[in-house]
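# Structural overview for review
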There are 2 protein chains.
Amino acid sequence: MPAKAIPFRKFSKRSQNQKVILEAAEKVFAEAGFAGATTQLIADVAGLPKANVHYYFKTKEEIYRRVVYNIFDIWMEAASAFDTALGPKEALSRYIDKKVDLARSHPYGSKVWAAEIMHGAPIIQDYLEGQLLEWSNDRGTHIERWIAGGEMDPIDPAHLLYMIWSTTQHYADFGHQINTLNGGKPYSDSQWQAVKKSIKTVILKGVGLSPD
Amino acid sequence: MPAKAIPFRKFSKRSQNQKVILEAAEKVFAEAGFAGATTQLIADVAGLPKANVHYYFKTKEEIYRRVVYNIFDIWMEAASAFDTALGPKEALSRYIDKKVDLARSHPYGSKVWAAEIMHGAPIIQDYLEGQLLEWSNDRGTHIERWIAGGEMDPIDPAHLLYMIWSTTQHYADFGHQINTLNGGKPYSDSQWQAVKKSIKTVILKGVGLSPD
DNA sequence: ACAATACTTGACCATACAGTCAATAAATTT
DNA sequence: AAATTTATTGACTGTATGGTCAAGTATTGT
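Quick notes on the rules
- Residues numbered from 1 in each chain as written.
- Chains lettered and ligands numbered in written order.
- Predicted model: local features only at pLDDT ≥ 70, side-chain atom pairs only at ≥ 80, totals over all residues.
- pLDDT = per-residue confidence, 0-100.
- Contact = placed C-beta atoms within 7 Å.
- Domains from an automatic or database assignment.
- Nonpolar A, V, L, I, M, F, W, Y, C, P; charged D, E, K, R; others polar.
- Least-squares fit on C-alpha atoms with pLDDT ≥ 70 in both.
- Near = placed C-beta within 6 Å.
- Helix = DSSP H or I, 4+ residues; strand = E, 2+ residues; numbered from the N terminus.
- Core = buried A, V, L, I, M, F, W, Y, C linked by C-beta atoms within 7 Å.
- Buried ≥ 20, exposed ≤ 12 C-beta atoms within 10 Å, placed from the backbone.
- Axes fitted to C-alpha atoms, helices over the stretch in contact; angles between N-to-C directions.
- Parallel < 35°, antiparallel > 145°, perpendicular 65-115°, else oblique.
- Left-handed = near helix turned anticlockwise from the far one by under 90°.

Moving on: the confidence of the model for chain A. All names here are of chain A. Considering every residue of chain A, the mean pLDDT works out to 94; 95% of them sit at 70 or more. Contacts from residues 1–8, a stretch scored under 50 in pLDDT, to residues over four places away or in other chains number four contacts. As a predicted assembly, this complex carries a pTM of 0.94 together with an ipTM value of 0.93.

Here we come to the domain arrangement of chain A. Residue and element names in this part refer to chain A. The domains assigned to chain A are domain 1 (13–58) and domain 2 (67–206). For domain 1 and domain 2, the distance between their C-alpha centres works out to 28 Å. Of the residues lining the interface, seven residues belong to domain 1; the matching set on domain 2 comes to seven residues. Partitioned by chemical class, the residues of the side of domain 1 that touches domain 2 number four nonpolar, one polar and two charged.

Bringing the relation of the copies chain B and chain A into the picture now. Two chain copies, one operation linking them: a rotation about an axis together with a shift along it. After a rotation of 180° and a shift along the axis of 0.0 Å, chain B superposes on chain A with an RMSD of 0.0 Å. The operation mapping one copy onto its partner corresponds to a two-fold rotation axis. Residue Gly206 of chain B of chain B places its C-alpha closer to the rotation axis than any other residue of that unit, at 2.0 Å. When you check the interface residues of chain B against chain A, 100% turn up at the interface there too, and the contact is symmetric in its surfaces.

A few words now on the protein's contact with DNA strand D. As a matter of local geometry, DNA strand D sits amid 20 residues, with Arg14 and Ala51 of chain A together with Thr38, Thr59 and Lys60 of chain B nearest to it. Of all the secondary structure elements, the ones that give two or more residues to the surface near DNA strand D are helix H1 (13–36) and helix H3 (50–56) of chain A together with helix H2 (39–46), helix H3 (50–56) and helix H4 (60–79) of chain B.

The residue Glu144 of chain A is located in helix H7 (residues 125–148) in this model. Residues Glu144 of chain A and Pro154 of chain A, spaced 10 residues apart in sequence, show a C-alpha to C-alpha distance of 7.9 Å.

Moving on, we come to the interface of chain B and chain A. Taken together, the contacts link 43 residues of chain B with 43 residues of chain A. A per-class count over the side of chain B that touches chain A returns 22 nonpolar, 15 polar and six charged.

Here we come to the nonpolar core. The tendency in soluble globular proteins is for nonpolar side chains to be buried as a group. If you look at the biggest cluster of nonpolar residues, it comprises 101 residues, and the most contacted ones within it are Phe29, Ile42 and Ile203 of chain A together with Phe29, Ile42 and Ile203 of chain B. In this view, Ile42 of chain A contacts Ile21, Ala24, Ala25, Val28, Ala37 and Val53 of chain A; residues no more than four positions away in its chain are not counted.

With that settled, consider the packing of helix H5 (residues 88–105) of chain B against helix H8 (residues 157–173) of chain B. A packed helix pair is summarised by two numbers, namely the angle formed by the two axes and the spacing between the axes. Residues and elements named next belong to chain B. H8 packs onto H5 with a crossing angle of 25° between their chain directions and a minimal axis gap of 8 Å. Regarding the angle of H5 to H8, the classification is roughly parallel. Between H5 and H8 the crossing geometry is right-handed. On H8, the residues touching Tyr95, Ile96, Lys99, Val100 and Ala103 of H5 are Ile164, Thr168, Gln169, Tyr171 and Ala172. Its residues placed into classes, the contact of H5 with H8 shows seven nonpolar, two polar and one charged.

This is the structure we're talking about:
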């Protein structure tokens, strides 16, 4: 919400700078936490003077809010990969693939999200109780339908979802630990492929679906 | 490390107060992050004046260090539950049980640990490269032996370990989200039992071991 | 009883930080 | 080209916080 009307120019200075600031902020919030993230550091990473950051965003909290909302949007988009029309094997496979892709492409966002939840979700509590709950319940009932129809083994759908969320996001949130145990090197393309395969194999077999 | 010698009295005022402070600090660090945790708040939660906290611990960082080391010790103790002499089914089952117990009994510690890793492990990097790497490699070779001996399906041992870590710790680190999706209520005893069962079932079946 | 050591605590200080402001420059509109 | 809006930035301010200190009280040892 700018103070005055935004020009409809597609790449206005305004939206360009906001984007740069938000990307810098995502990284800084992920690495230092909300309280540890200084506006000065965000400005430095963005390559702007601090006062300029405050010209575009009134408060640090407003920046944080925007970052968290962005992450939620990306998460919700990925959530649509869990397409129940496909049947359990395909739906779960594609969802896992998508979530691993996200862990790789948006590690900072994942960390900010994790920290937000760990601190009691002060900003996105509403979304948890709204969209996320709705989405989970919807997917849950489909999973129960598959179980009732003998298409997969019985399991509490919530636990299955948590298992997918945790295993995939772990590769973002604990990436530092994983890299350390990998000889200090980040995962290669083929290692990321192996991640997908391992997770899909265990979870699919784990609920009675033959993988590949 | 006290400035002078510690009296050998088992429950000296010193060790009592340190314990109270460290427990308070663990909670505050978990909920607010390192930078967001104020010594004043730690003192308030501990029920002591701030200056008293600084009498026992020189700096906030020293308190944080102690908290993180405590967590690592608890983690390592749990790690011994992965007893390779028992064979894959029992070893994995007991380890999962133990880790879920830990997620329930030490949620704050788990969060502090997660945040420490997410911020690049500034304090415990040495442990990651030392004890944790050693432990992981040791368990990894045993898992590979089981696989070679046909006792379980092939899987990259690292991914199996990450799967256990992530699924179990998720119930601590994302407890707020889980409670929200559980109607705002914390898990009951029987729900925690179900967590263990779900995780064990999926992972054991997922690597070709019949559960229960 | 006395000394010595350990603990307690309000008041204080230096620093770092979020946010402001005014003065200037660049871009856009008329 | 004048006017108006938008963007840039160094300098500044008030507040919150980590840490100190000195003056006290309790505890322990002799």
